[in-house]
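Here is what each chain is made of, one letter per residue.
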Amino acid sequence: MELREGNGEGIDTWEEVILIYNAALKMIETRMAILNDEFQHVHQYNPIEHIKARIKTPESIVKKLKRDGRESTIENMIKYVNDIAGIRIICSFTSDIYRIVDMLGEQRDIHVIAVKDYITFPKTSGYKSYHMIVTVPVYLSDKTVDAKVEIQIRTVAMDFWASLEHKIHYKFEGDAPEDIKTELVECAKMVTDLDARMLKLNEEILTIIREREE
Ligand code: GTP
Ligand code: MG
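Everything quoted here is computed from the prediction, not taken from an experiment.

The rules behind these values
Residues numbered from 1 in each chain as written. Chains lettered and ligands numbered in written order. Predicted model: local features only at pLDDT ≥ 70, side-chain atom pairs only at ≥ 80, totals over all residues. Heavy atoms only, no water. Patch = residues over 30% accessible without salt bridge, like charges linked within 9 Å, V, L, I, M, F, W, Y side chains within 5 Å. Areas by Shrake-Rupley, 256 points an atom, 1.4 Å probe, with all protein chains shown as cover. Salt bridge = Lys/Arg side-chain N within 4 Å of Asp/Glu carboxyl O. Helix = DSSP H or I, 4+ residues; strand = E, 2+ residues; numbered from the N terminus. Buried < 20%, exposed > 50% of the residue type's maximum accessible area, 1.4 Å probe, protein only. Phe/Tyr/Trp six-rings, centres within 6.5 Å; stacked < 30°, edge-to-face > 60°. UniProt positions renumbered as here; feature names shortened; annotations may be inferred. Core = buried A, V, L, I, M, F, W, Y, C linked by side-chain atoms within 4.5 Å. Contact = heavy atoms within 4.5 Å. Near = heavy atom within 4 Å. Polar contact = N/O pair within 3.5 Å; in protein donor to acceptor, adjacent residues only side chain to side chain. Axes fitted to C-alpha atoms, helices over the stretch in contact; angles between N-to-C directions. Parallel < 35°, antiparallel > 145°, perpendicular 65-115°, else oblique. Nonpolar A, V, L, I, M, F, W, Y, C, P; charged D, E, K, R; others polar.

What follows deals with a nonpolar patch on the surface. A surface patch of nonpolar side chains, about 510 Å² in accessible area, is lined by Leu194, Met198, Leu201, Ile205, Leu206 and Ile209. By the element assignment, Ile209 lies in helix 6 (residues 178-213). A relative accessible area of 42% places Ile209 in the partly exposed class.

Another aspect to go through is the packing of aromatic side chains. A complete count under the given rule lists 3 aromatic pairs for this structure. Seen in terms of ring centroids, Tyr98 and Tyr130 are 5.8 Å apart; in terms of plane orientation they differ by 80 degrees. Their pairing is edge-to-face. Placement of the pair is Tyr98 in helix 4 (residues 94-105) and Tyr130 in strand 5 (residues 130-139), with a sequence separation of 32 residues. Considering the side-chain rings of Tyr118 and Tyr127, the 5.8 Å spacing of their centres and the 65 degrees angle between planes classify their relative orientation as edge-to-face. The buried category is assigned to Tyr118, whose relative accessible area is 15%.

Residues annotated by UniProt as "domain: RelA/SpoT" (unreviewed entry) correspond here to residues 53-176. Span residues 53-176 is 36% helix and 31% strand, its end C-alpha atoms 28 Å apart.

Attention shifts here to the pattern of salt bridges. Inspection of the entire model under this criterion finds 12 salt bridges. The salt bridge involving Glu16 is made with Lys143; its shortest N-O contact spans 3.3 Å. Taken together, the residues Glu16 in helix 1 (residues 14-43) and Lys143 in the loop between strand 5 and strand 6 (144-155) connect sequence positions 127 residues apart. With respect to class, Glu16 is no different from Lys143; both count as buried. Lys189 is the salt-bridge partner of Glu186, the closest N and O atoms lying 3.3 Å from each other. Of this pair, Glu186 and Lys189 both sit in helix 6, 3 residues apart, which is roughly one turn of the helix. Overlapping salt bridges bring together Arg54, Lys56, Lys64 and Asp83 as one network.

Glancing now at unusual backbone geometry. Within the chain, Gln44 stands out as a residue other than glycine whose phi angle is a positive 50 degrees. By the element assignment, Gln44 lies in the loop between helix 1 and strand 2 (48-55). Overall, the relative accessible area of 59% leaves Gln44 in the exposed class. One non-glycine residue with positive phi stands out, namely Glu173, at about 50 degrees.

Right, let's talk about the nonpolar core for a bit. Grouped together as the largest cluster of nonpolar side chains are 50 residues, with contacts concentrated most on Ile28, Ile100, Val149, Ile151 and Ile153. Element by element, the count of residues in this core is highest for helix 1, at 9 residues. Residue contacts for Ile28: discarding those within four places in its chain leaves Ile87, Ile110, Val134, Val136, Val149 and Ile151.

A word on the site of ligand 1. Around ligand 1 lies a shell of 14 residues, among which Lys64, Arg67, Tyr118, His131 and Glu165 are the nearest. Separating an oxygen atom of ligand 1 from a side-chain N or O atom of Arg67 is a distance of 2.9 Å. Side-chain polar atom of Glu165 to a nitrogen atom of ligand 1: 2.7 Å apart, as the coordinates give it. Across the complex, the protein chains shield 68% of the 620 Å² of accessible surface that ligand 1 would expose by itself. Only helix 2 (58-67), strand 6 and helix 5 (156-171) provide two or more residues apiece to the shell around ligand 1. Here the shell around ligand 1 gets 3 residues from one element, more than from any other, and that element is helix 5.

A word on the packing of helix 5 against helix 6. Here helix 5 crosses helix 6 at 170 degrees, and the two axes come no closer than 9 Å. On the basis of the axis angle, helix 5 is roughly antiparallel to helix 6. From helix 5, Ala157, Met158, Trp161, Glu165 and Ile168 reach across to helix 6, where they touch Ile180, Leu184, Cys187, Ala188, Val191, Leu194 and Asp195. Tallied by class, the residues present in the contact of helix 5 with helix 6 amount to 10 nonpolar, no polar and 2 charged.

This is how it looks when you write it as structure tokens:
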């Protein structure tokens, strides 16, 4: 989060940090819900299946700062931990991901400060997802602050894969047996294939419906 007047200024307590990031999460969630409703109205279709939002626990914020060799100060949290506020947007089809990315980019007061396209360039683990770090203005009674939010956008199938992989990663403390890693990469390929087939199927269905309506 960056204060308009300068970094970390005026934010002294952990409670205040939580308050601000909670507000930022609510902002993004509401914006997404509005876009989804509008899309439903115009195209009779919802690009978003569901949204999950979370605030990072103090323990994992401290852990991350420590990992990066930084002191646990409020200022460092705000400056270096980009995912204190995190939103995961789950959609049905790969095409929806880019639709959502474009819609977010067009919101005047949401600033995209970084993107990572792990859909076009998946991680070696097989992980696929579109990541954005954005800032949203949070209007408080005496000041306005721009708070960072990490947005992860992925399909239902990618989410299914990522949650199991995360569990395995956690269980083995990042050191899973080779055969399990290989199997996960195989499953990731199946996810990619499934997403492509489901997208094609959906397009075929839409074509049939359109032809019938004519
Ligand atoms: P961190 O500093 O660890 O947050 O990584 P980063 O700054 O390089 O960010 P990146 O965009 O690569 O990852 C951010 C988040 O994406 C992670 O906290 C996870 O939630 C998710 N993620 C990234 N890679 C993987 C992966 O291989 N598997 C799973 N399950 N999730 C991942
Ligand atoms: Mg992270």
